[in-house]
Structures are given as C-alpha cells and as structure tokens.
Amino acid sequence: MWLARQCADESRHALAYHRLLRARGGRFGDYPVLNFQYKLLGRIATLAGRLAVQNRTFEAEGLDAAVFGAAEARELGDDVLADMFESQVGDEIVHVRFANEWIKAAVKKNPRVVLEIATALTLGSKAFEWVFADGGSEVTKYPVAEQERLRAGFDSSEVEVSADMSRSRREDLLRRQQP
Ligand SMILES: [Fe+2]
C-alpha cells in the first residue's frame, strides 16, 4: 500500500509539473529526461535493496532538492512554484519515511538484509560512476535538508553524515568547475 501510494503521488507530481510547464510556455520534450533511476532499479533484485537505493538515497536527495527549490522560488517571488515544491516536500517525507521504517524493521527481523542493502548500494554507486563519468562537473548537489530528513525517519547521526558528505561533494564540484 505504501508503494501504491507513492506511485500515485509521483504521478500527481508529474502531472502538476507538466501543467505548470505548459502554463509557462514550455512543452513536453523541451528538456532531456534521464531514466537512470528506472534502469538501475530494474537491476536490483531485492525489495530492501530497492528501498535503500530509490527511497533512502534518490528520494532523500529529491527531498533536499524540493526543500531548496521551495526556498529559492519563494525568495524570487514565485509563489506558485514554491507552493508546488512545498506540497511535494510533504509527500517525499512520507516516501522516505516508510522506507526507513520498513528497512529498520526488516533488519531487526533478519540481519542478512544488511547484505542485500550493501549489494544494492554498491551497484548504485558503480552505476552512478558509469553514467556521470564524463559529465560529473554538471551534476547539481543540493544541501541536505536536515530537519526534513529527520522528519523522514533518518537518525541524527545519519543526517550528520549525509550533510558532511554533501558539503564535501559540493566543495569538490566547485573546485572542478574552476578553470
Ligand atoms: Fe517521491
């Protein structure tokens, strides 16, 4: 049921962004779309692995991006976009939270699940290296939305590690972008 709810939410997000894109003169196809997540997830055989990669990693980063986008749009006076990002934030917190809770309960019941998660995360980082090998400097890395990640069920130590990693990745990107 949680996954069904997530699918419904994601469809609603896609339709809402599509409506806004059209209202502002854009059309479907104006921007390239990367199906990296879809291709990667299809190669992960376990539910725990998929939740670890998709929900605890990609969705969590989507949460960071939506929090950042909402604040940026609000500051620019674009309240329509800010409201849309904010309602997305509420949904993303739920998507990340159910995965965190499900994974913690599954590991408690069967510690071998940790191995499934490690296998999936290793494949995830390898795939990331393959895909972004030539365009690494064009990747956008948003600051970690610490309060929202706590609400999404991460421990404070996990949030701290993510925030530190994100900071150092952003510094690294800035260094590489300098001539
Ligand atoms: Fe989501």
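As the structure is a prediction and not an experimental result, all values here were calculated from the model. (Residues numbered from 1 in each chain as written. Predicted model: local features only at pLDDT ≥ 70, side-chain atom pairs only at ≥ 80, totals over all residues. Heavy atoms only, no water.)

**Some remarks on the confidence of the model for the chain**
Alright, step 1. Mean pLDDT for the chain: 91, with 96% of residues reaching 70 or above.
Alright, step 2. The lowest-confidence element of the chain is helix 7 (residues 156-177), averaging 85 in pLDDT; the highest-confidence one is helix 4 (residues 79-109), averaging 96. (pLDDT = per-residue confidence, 0-100. Helix = DSSP H or I, 4+ residues; strand = E, 2+ residues; numbered from the N terminus.)

**Considering the coordination of the iron ion**
Alright, step 1. Listed as protein donors to the iron ion are Glu10 (OE), Glu59 (OE), Glu92 (OE) and His95 (ND1); their distances from the metal cover 1.9 to 2.3 Å.
Alright, step 2. For the iron ion, the four donor atoms in the first shell make angles of 84 to 163° at the metal, so the coordination geometry reads as irregular.
Alright, step 3. Within one chain, the residues serving as donors to the iron ion are arranged as E-x48-E-x32-E-x2-H. Placement of the pair is Glu92 and His95 together in helix 4, with a separation of three residues, close to one helical turn. By the burial criterion, Glu92 is buried, and His95 matches it. (Donors = N, O, S within 2.8 Å, 3.2 Å for Na, K, Ca; no water. Tetrahedral: all angles 85-135°; square planar, octahedral: opposite > 155°, others 65-115°. Buried < 20%, exposed > 50% of the residue type's maximum accessible area, 1.4 Å probe, protein only.)

**A closer look at the pattern of salt bridges**
Alright, step 1. The full count for this structure, using the stated rule, is 15 salt bridges.
Alright, step 2. Where Asp91 meets Arg12, a salt bridge forms, and the shortest distance between an N and an O atom there is 3.3 Å. Taken together, the positions of Asp91 in helix 4 and Arg12 in helix 1 (residues 2-23) put the pair 79 residues apart, joining distant regions of the chain.
Alright, step 3. Its relative accessible area of 10% is what places Asp91 among the buried residues. (Salt bridge = Lys/Arg side-chain N within 4 Å of Asp/Glu carboxyl O.)

**So, the side chain of Ser166**
Alright, step 1. Structurally, Ser166 can be placed in helix 7.
Alright, step 2. A distance of 2.6 Å separates polar atoms of two side chains, one belonging to Ser166 and the other to Arg170. (Polar contact = N/O pair within 3.5 Å; in protein donor to acceptor, adjacent residues only side chain to side chain.)

**Focus on helix 1**
Alright, step 1. Taking 1.5 Å as the rise per residue, helix 1 with 22 residues should run 32 Å; its terminal C-alpha atoms sit 31 Å apart, in good agreement.
Alright, step 2. Check the buried side of helix 1 and you find it contacts helix 3 (47-75) and helix 4.
Alright, step 3. Remark: Gly25 follows helix 1 within two positions and exhibits a positive phi of approximately 90°. (Expected span 1.5 Å × (residues − 1). Contact = heavy atoms within 4.5 Å.)

**Here we look at the packing of aromatic side chains**
Alright, step 1. Summed over all chains, the structure comprises five aromatic pairs.
Alright, step 2. Arranged with centres 5.9 Å apart and planes meeting at 55°, the rings of Tyr17 and Phe85 form a pair that is tilted. Within this pair, whereas Tyr17 is found in helix 1, its partner Phe85 is found in helix 4, the two being separated by 68 residues in sequence.
Alright, step 3. By relative accessible area, which is 25% here, Tyr17 ends up partly exposed.
Alright, step 4. With a relative accessible area of 17%, Phe85 lands in the buried category.
Alright, step 5. Members of the aromatic cluster, joined through ring pairs, are Phe36, Phe58 and Phe128.
Alright, step 6. Cation over ring: Arg149 sits above Phe154, and NZ or CZ is 5.5 Å from the ring centre. (Phe/Tyr/Trp six-rings, centres within 6.5 Å; stacked < 30°, edge-to-face > 60°. Lys NZ or Arg CZ within 6 Å of the ring centre and 35° of its normal.)

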